[in-house]
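Residue-level listing of the chains:
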Amino acid sequence: MIAPQEDRISEALTQPVYSIVAPVFNEEETLPHFYARIVQVMKTLDEPFELILINDGSRDRSYKVMQQLHDQDSRVRIIDFSRNFGHQIAISAGLDYAQGKAVVVIDSDLQDPPEVILDLIARWKDGAEVVYAQRASRVGETRFKLVTASLFYQLIDRITSVHIPRNVGDFRLMDRAVVLSLIQMREHHRFMRGLSAWVGFRQEAVLYHRHERYAGSTKYPLKKMISFSLDAITSFSHLPLQLATTFGFVLAGISLLGILVAIFLRLITGAIVGQASTLILVLFLGGVQLIFLGIIGEYLGRIYDEVRARPLYIVHHTLGFTKKELIEERKP
C-alpha cells in the first residue's frame, strides 16, 4: 500500500497555498515513503497544497509509481519529461507549473527531511520571502565530496558578486513573487540556488541535519558535479575570461624581461641559449593558449545555446493539471 486510506482524495483541488516541487530520477523505492511523509507533514497545517513530481527521464518504474500516487490523491500532479533534461531544469519546470503562494523545492530521495518544511513555512509567515535550508551536518557523504563542496563554495563566494550561502542546496521555500521573477529567466545552463540568491528579496536560513539517502545511489557522480560547477561559475562570474587577459600581460612582461636578459648576456658574456629552452618555452605558451581558448570556448558554447533559443524542456505527459494551468497558457 502506498498511502493510508484517509489520504486518498478524489474531489477537485482548491487553489493551493503551498506547492511542493520534487524532481524525480530513478526513485521508485523512495517515492511512496517520500509521498507519505510529505502528506503527514502538510496535514498538520490544514491548508491546501499540491505535490508536483517531475519525472526527469527515469529508467525504472518511477513514473508508474507516480501515476499510482496521482490516482489515489489528486493533489499529486505529474510532469513527465520526454527525456532526461537534468535536475536544475526539472526544478525550473516545477516552478513554471506551481500554483501555490509559497513554493518549496525539495529532492525526492529523502536526504532532505520533509519535516523541515514546517520550519521554512514558519519563517515565510514571519515575512521572509526566500527561506533556504542550510546544512548543519551531512550524514553519509564521503570525505571527498565534503572537501570538494567546501572548496567550491569558497571559490564561488570569492569570484562572484552575488552572495550564495555555503552548505545550501536547492531545498528552500520561495514566495510567489520570487517564483514569478525566476520563471522569467530562461537561460539553459542553470544554477538555481545562485539564481534564487541573485533575485534578492528578504532571505533567511533554517539550519537542519541532512540524512543519508533512503534508497538507491547518488544521481550526482563526479562528472555531473564538475559540469554543475562550470555552470555555476560561468553563470555568475567573468573571472576566468579576465584571467586570460591578466595572464597574457604577465607572460608578456616576463617575455620582455627575458629578451632584455638575453640581449645583456649575449653582449656581455656571449652566452647562447640552447634550442631545448626555446622548445620548452614554446610548448608552455602553446599550452597556456589552449587552456584559455578552452575557457573562451565554454562561454562561447553557452552563448550558442542561448542564441538557438530551444525550449528548456519538452513535456511528454502531464497529470493533474487543467488546461489553464499548463505553462503554454500561463507564459506572458
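Residues numbered from 1 in each chain as written. Predicted model: local features only at pLDDT ≥ 70, side-chain atom pairs only at ≥ 80, totals over all residues. Heavy atoms only, no water.

Named according to an unreviewed UniProt entry, the protein chain is Glycosyl transferase originating from Dictyobacter halimunensis. Recorded in UniProt under Subcellular location (unreviewed entry), the annotation for the protein chain is "Membrane". (UniProt positions renumbered as here; feature names shortened; annotations may be inferred.)

Which parts of the structure should I look at to understand the overall build of the protein chain?
A count of helices and strands for the protein chain gives 11 helices and eight strands. Looking at the protein chain residue by residue over its 332 residues, the buried ones come to 44%. Restricting to contacts in the protein chain with at least 6 residues of sequence separation, those with at least 24 account for 83%. A total accessible area of about 17,700 Å² is found for the protein chain, and carbon and sulfur atoms account for 61% of it. (Helix = DSSP H or I, 4+ residues; strand = E, 2+ residues; numbered from the N terminus. Buried < 20%, exposed > 50% of the residue type's maximum accessible area, 1.4 Å probe, protein only. Contact = heavy atoms within 4.5 Å. Areas by Shrake-Rupley, 256 points an atom, 1.4 Å probe, with all protein chains shown as cover.)

Hey, could you run me through the pairing of strand 3 (residues 76-81) in this one?
The side chains of a regular strand alternate, residue by residue, between the two faces of the sheet. Burial of strand 3 is extensive: six of the six residues sit out of reach of the surface. Of the two faces of strand 3, the one lined by Val76, Ile78 and Asp80 and the one lined by Arg77, Ile79 and Phe81 are each fully buried. With five bridges joining them, strand 2 (residues 49-55) and strand 3 adopt parallel strand pairing. Considered in strand 3, the bridge of Ile54 is made with Ile79. A crossover connection joins strand 2 to the parallel strand 3 through helix 2 (residues 62-72); in handedness this β-α-β unit is right-handed. (Pairing = 2+ DSSP bridges. Right-handed = clockwise from strand over helix to strand, strands pointing away.)

It is not clear to me how the pattern of salt bridges should be interpreted in this structure. Could you clarify?
Oppositely charged side chains can form a pair if their charged atoms are brought close together. For the coordinates displayed, the defined rule picks out nine salt bridges. In this structure, Asp73 engages Arg75 in a salt bridge whose closest nitrogen and oxygen atoms are separated by 2.9 Å. There is no split in this pair, since Asp73 and Arg75 are both buried. Note that Asp96 and Arg186 form a salt bridge whose closest N and O atoms lie 3.1 Å from each other. Of this pair, Asp96 sits in helix 3 (residues 87-97) while Arg186 sits in the loop between helix 6 (176-182) and helix 7 (192-198), and the two are 90 residues apart along the sequence. Using a relative accessible area of 1% as the deciding quantity, one classes Asp96 as buried. Three or more residues are tied together by salt bridges with common partners; here these are Arg123, Arg202 and Glu204. (Salt bridge = Lys/Arg side-chain N within 4 Å of Asp/Glu carboxyl O.)

For this particular structure, what's the right way to read helix 1 (residues 31-43)?
One turn of an α-helix holds 3.6 residues; hence residues three or four places apart share an orientation. Taking 1.5 Å of rise per residue, the 13 residues of helix 1 would be expected to cover 18 Å, and the 18 Å separating its terminal C-alpha atoms lies within 8% of that figure. Structurally, helix 1 contributes buried residues whose contacts are with strand 1 (18-24), strand 2, helix 2, strand 3 and helix 4 (117-125). (Expected span 1.5 Å × (residues − 1).)

Would you explain the side chain of Ser19 in this entry?
Inspection of the secondary structure assignment puts Ser19 in strand 1. We classify Ser19 as buried; its relative accessible area is 0%. At 2.5 Å, the side chain of Ser19 forms a polar contact with the side chain of Glu50. Among residues more than four places away in sequence, those in contact with Ser19 are Glu50, Ala98, Gln99, Gly100, Ala102, Val103 and Val104. (Polar contact = N/O pair within 3.5 Å; in protein donor to acceptor, adjacent residues only side chain to side chain.)

I keep staring at the nonpolar core and nothing clicks. Help me out?
Considering soluble globular proteins, one finds that nonpolar side chains tend to be buried as a cluster. In terms of nonpolar packing, the biggest core is built from 37 residues, with Ile20, Met42, Leu53, Ile117, Leu120 and Phe171 touching the most fellow members. Among the elements that take part in this core, helix 1 stands out by supplying seven residues, more than any other. Each residue touching Ile117, except ones within four places of it in the same chain, is listed here: Ile20, Ile38, Val41, Met42, Val104, Ile106 and Phe171. Counting 27 residues, the second largest nonpolar core, distinct from the first, contains Ile89, Ala93, Tyr97 and Tyr313. (Core = buried A, V, L, I, M, F, W, Y, C linked by side-chain atoms within 4.5 Å.)

Got a minute to help me understand the packing of aromatic side chains in this structure?
We describe a pair of aromatic rings using the distance from one ring centre to the other and the angle between the two ring planes. What the rule picks out here adds up to four aromatic pairs. Pairing Phe81 with Phe85 gives two aromatic rings, centres 5.4 Å apart and planes at 85°, and the pair type is edge-to-face. Given a relative accessible area of 17%, Phe85 falls into the buried group. Arranged with centres 5.2 Å apart and planes meeting at 20°, the rings of Phe81 and Tyr313 form a pair that is stacked. Residue Phe81 is located in strand 3, and its partner Tyr313 is located in the loop between helix 10 (275-308) and strand 8 (315-319); the two are separated by 232 residues in the primary sequence. Among the residues examined, Tyr313 registers a relative accessible area of 9% and is labelled buried. (Phe/Tyr/Trp six-rings, centres within 6.5 Å; stacked < 30°, edge-to-face > 60°.)

What exactly am I supposed to notice about a nonpolar patch on the surface here?
There is a patch of nonpolar side chains on the surface, built from Leu290, Leu293 and Ile296 and spanning about 310 Å² of accessible area. Position of Leu290 among the secondary structure elements: in helix 10. Owing to a relative accessible area of 61%, Leu290 belongs among the exposed residues under this scheme. (Patch = residues over 30% accessible without salt bridge, like charges linked within 9 Å, V, L, I, M, F, W, Y side chains within 5 Å.)

Where do I start with the packing of helix 1 against helix 2 in this structure?
Packed helices, taken two at a time, are described by the angle between their axes plus the distance between the axes. Close contact between helix 1 and helix 2 brings their axes to 10 Å; oriented N to C, the two are set at 35°. The handedness of the crossing between helix 1 and helix 2 comes out as right-handed. Contacts between helix 1 and helix 2 involve Leu31, Pro32 and Tyr35 from the first element and Ser62, Val65, Met66, Leu69 and Gln72 from the second. Considered class by class, the residues forming the contact of helix 1 with helix 2 number six nonpolar, two polar and no charged. (Axes fitted to C-alpha atoms, helices over the stretch in contact; angles between N-to-C directions. Left-handed = near helix turned anticlockwise from the far one by under 90°. Nonpolar A, V, L, I, M, F, W, Y, C, P; charged D, E, K, R; others polar.)

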